[in-house]
Amino acid sequence: MKPLPGFRDLFPEDFARRIYLVNRWRETARRYGFVEFDGPTLESAELYRKKNSGGEILGQLYEFTDKGDRPVALRPEVTPTLARMVAERHRDYPKPLRWFNVGTCFRYERQQRGRLREFLQFNCDLLGDASSASDAEVVALLIDLLRSFGLTHKEFVIRLSNRQAWYEFLGGHGVEKERAGDFLNIVDKMEREPAEKTEEKLVPFGISLASLREFLECSKIPSLDPLLADLEARGLRDFVRPDLGVVRGLAYYTGIVFEAFALQGNLRAIAGGGRYDRLLKDLSDGSADLPAVGFGVGDAVLLELINEIPAAKVQEEAALKADAPTQLYLVIAAEERRLSALSLAQQLRSAGWRVAFSLGAERVGKQFGAAEVYGAAYAVVIGAEWPRVKVKRLADRHEEELMEGELLAWLQENRNLKAEI
Ligand code: HAM
């Protein structure tokens with residue numbers, strides 16, 4: 001029995017990587033003053049069907065009728081839930097709201113590298129401010145987030161655009177507003193599809209591929225100027241590139257849109273987001289009218305990217321090593337001292353140290369072997385000399401002899417040891 005296609009078993013070593021990602025997501029969001037929230041993973045299917053919240057995601061919904069005959073869906077993204085929650089209670093919070101979420105999402109996607117059917121997504125959204133200052137704040141957050149994994153502007157870029165430019169283009173070609181979403185979906189996919197297919201899809205719009213390409217080549221998007229100036233002042237201008245080709249697949253975006261891409265390899269977008277000034281109003285039938293901007297990052301592409309970039313991999317491995325599940329391994333060299341070892345283990349654990357030891361009599365060599373396997377930084381040898389113990393640093397076999405009663409204070413005073421562990 002295997003998990004379903006696109007679903008994952010997370011063994012402890014996989015889960016350790018997840019914790020590494022999530023810790024960095026949370027740390028970065030907090031550096032920007034964002035607070036964490038969550039909503040349900042199962043929602044009314046109608047939430048995704050309401051005007052503007054849908055788009056291509058509707059075809060990927062895991063939906064069914066529950067035992068109470070309600071049409072429900074596993075959340076494919078968190079933004080509609082966020083919009084629903086904020087529309088309901090926004091009066092209780094000072095504006096703007098800076099909210100983030102780490103949550104599981106489900107999409108019935110075609111299987112490909114970096115795209116799964118169950119994945120973890122990190123979302124940051126700033127609600128209640130319509131200015132480019134908030135656009136810059138979330139783009140800067142995304143840049144710092146990717147930098148926190150050891151990635152630099154040599155490895156990723158954020159492609160920025162503004163859907164308004166496309167609405168003007170469509171207006172100039174006599175295409176009605178209601179059809180804009182379908183058209184933008186063609187643009188969104190054109191990089192990943194053969195030219196003939198794009199050409200064929202454009203026919204109903206009366207727009208030729210040549211005129212589309214000509215428009216794309218005009219790389220200056222005037223409405224981005226304040227955002228670019230803001231990022232420049234933060235020293236982050238090198239991380240972004242205006243690019244009209246980014247339009248996003250979701251229907252609710254109204255203004256700036258952006259996607260983060262790896263510069264090497266053939267990975268799908270690492271992150272995507274933009275401004276959605278009408279979603280709250282549409283979902284609340286006009287009772288809450290709040291502008292908003294935000295982005296989402298998935299775990300899958302990010303993990304693939306970290307594997308490919310040596311500096312990012314080294315940083316991840318160092319962090320995983322530093323977060324070893326066992327810090328101290330008690331080697332019980334004289335079995336008659338087991339009760340003393342148990343008492344010591346209890347003291348060390350109460351003080352917050354991660355401690356393991358063999359559960360039955362074992363050869364000393366085997367216990368040292370186990371200490372290595374569990375990634376302990378130190379072995380504490382408890383033998384006939386008790387209450388004198390030996391502390392052995394496993395990396396270089398350096399040894400210290402201490403009285404049992406001095407051990408905890410010695411460990412706690414030894415800042416280097418804590419840092420190393
Ligand atoms: P999205 O572009 O659909 O946007 O997803 C954002 C990110 O989630 C993607 O760039 C990717 O990293 C990850 N992701 C999406 N689908 C999958 C999948 N099937 N498997 C693995 N990872 C995936 C949104 O979801 C918007 N709600 C983001 C947003 C927040 N916009 C404003 N606020």
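Before any of the text, the structure's been laid out above.
Let us look at the structure shown here. Bear in mind that the values here come from a model prediction, so they are computed numbers and not experimental data. (Residues numbered from 1 in each chain as written. Predicted model: local features only at pLDDT ≥ 70, side-chain atom pairs only at ≥ 80, totals over all residues. Heavy atoms only, no water.)

Looking at the overall build of the protein chain
In step 1: Along the protein chain, the regular secondary structure elements total 16 helices and 16 strands.
In step 2: Across its three principal directions, the C-alpha atoms of the protein chain cover 90 × 55 × 45 Å.
In step 3: Counting only residues that meet the buried cut, the protein chain has 51% of its 421 residues in that class.
In step 4: When contacts within the protein chain are restricted to residue pairs at least 6 apart in sequence, long-range pairs at least 24 apart make up 69% of them.
In step 5: About 20,300 Å² of surface is accessible on the protein chain, with carbon and sulfur atoms providing 51% of the total. (Helix = DSSP H or I, 4+ residues; strand = E, 2+ residues; numbered from the N terminus. Buried < 20%, exposed > 50% of the residue type's maximum accessible area, 1.4 Å probe, protein only. Contact = heavy atoms within 4.5 Å. Areas by Shrake-Rupley, 256 points an atom, 1.4 Å probe, with all protein chains shown as cover.)

Here's the deal with the sheet that holds strand β2 (residues 42-44)
In step 1: Ordered in space as β2-β4-β3, the 3 strands form an open sheet in which the pairing is antiparallel. Whereas interior strands pair on both sides, the edge strands pair on one side only; in this sheet they are β2 and β3 (63-65). Between one strand and the next, the sheet's axes are offset by a mean angle of 35°, whatever the strand orientation.
In step 2: Here β2 pairs with strand β4 (residues 71-74) via 3 bridges, running antiparallel. What sits directly across from S44, in β4, is V72. (Pairing = 2+ DSSP bridges. Axes fitted to C-alpha atoms, helices over the stretch in contact; angles between N-to-C directions.)

A closer look at the state of the cysteines
Each disulfide consists of a covalent bond between the sulfur atoms of two cysteine residues.
In step 1: Applying the stated criterion to the full structure yields 0 disulfides.
In step 2: For C105, which is in no disulfide, the shortest distance to another cysteine sulfur is to C124 and amounts to 13 Å.
In step 3: Residue C124 is classed as buried on the basis of its relative accessible area of 0%. (Disulfide = S-S within 2.5 Å.)

Some remarks on the packing of aromatic side chains
In step 1: In this structure the tally under the stated criterion is 20 aromatic pairs.
In step 2: When the ring of F100 is compared with that of F122, the centres are 5.9 Å apart and the planes differ by 65°; the resulting orientation is edge-to-face. Separated by 22 residues along the polypeptide, F100 in strand β5 (residues 97-106) and F122 in strand β6 (residues 118-127) bring together distant segments of the chain. With respect to burial, F100 and F122 carry one shared label: buried. (Phe/Tyr/Trp six-rings, centres within 6.5 Å; stacked < 30°, edge-to-face > 60°.)

Things to note about the pairing of strand β14 (residues 378-382)
Taken residue by residue, a regular strand's side chains alternate between the two faces of the sheet.
In step 1: With respect to burial, β14 is a largely interior element, 5 of its 5 residues being buried.
In step 2: Burial of β14 is two-sided: the residues Y378, V380 and I382 facing one way and the residues A379 and V381 facing the other way are all buried.
In step 3: Judged from the 4 bridges that link them, β14 and strand β15 (residues 388-393) form a sheet pairing that is antiparallel. Note that in β15 the partner of V381 across the bridge is K390.

Brief notes about unusual backbone geometry
In step 1: The residue after K95, namely P96, is reached through a cis peptide bond having omega -5°.
In step 2: Topologically, P96 is positioned in the loop between α3 (79-89) and β5.
In step 3: Even without glycine at this site, D285 takes up a positive phi of about 50°.
In step 4: Tracing the backbone through its elements, the reader meets D285 in the loop between α10 (279-283) and β11 (292-298).

Things to note about the sheet that holds strand β1 (residues 35-36)
In step 1: If you walk across this open sheet you meet the 8 strands as β1-β5-β6-β11-β10-β9-β7-β8, and the pairing is mixed. At either end of the open sheet lies a strand with only one pairing partner, and these are β1 and β8 (240-242).
In step 2: Across the sheet, helix α5 (residues 163-172) lies against β7 (156-162) and β9 (256-262), angled at about 45° from β7, the strand it touches most.

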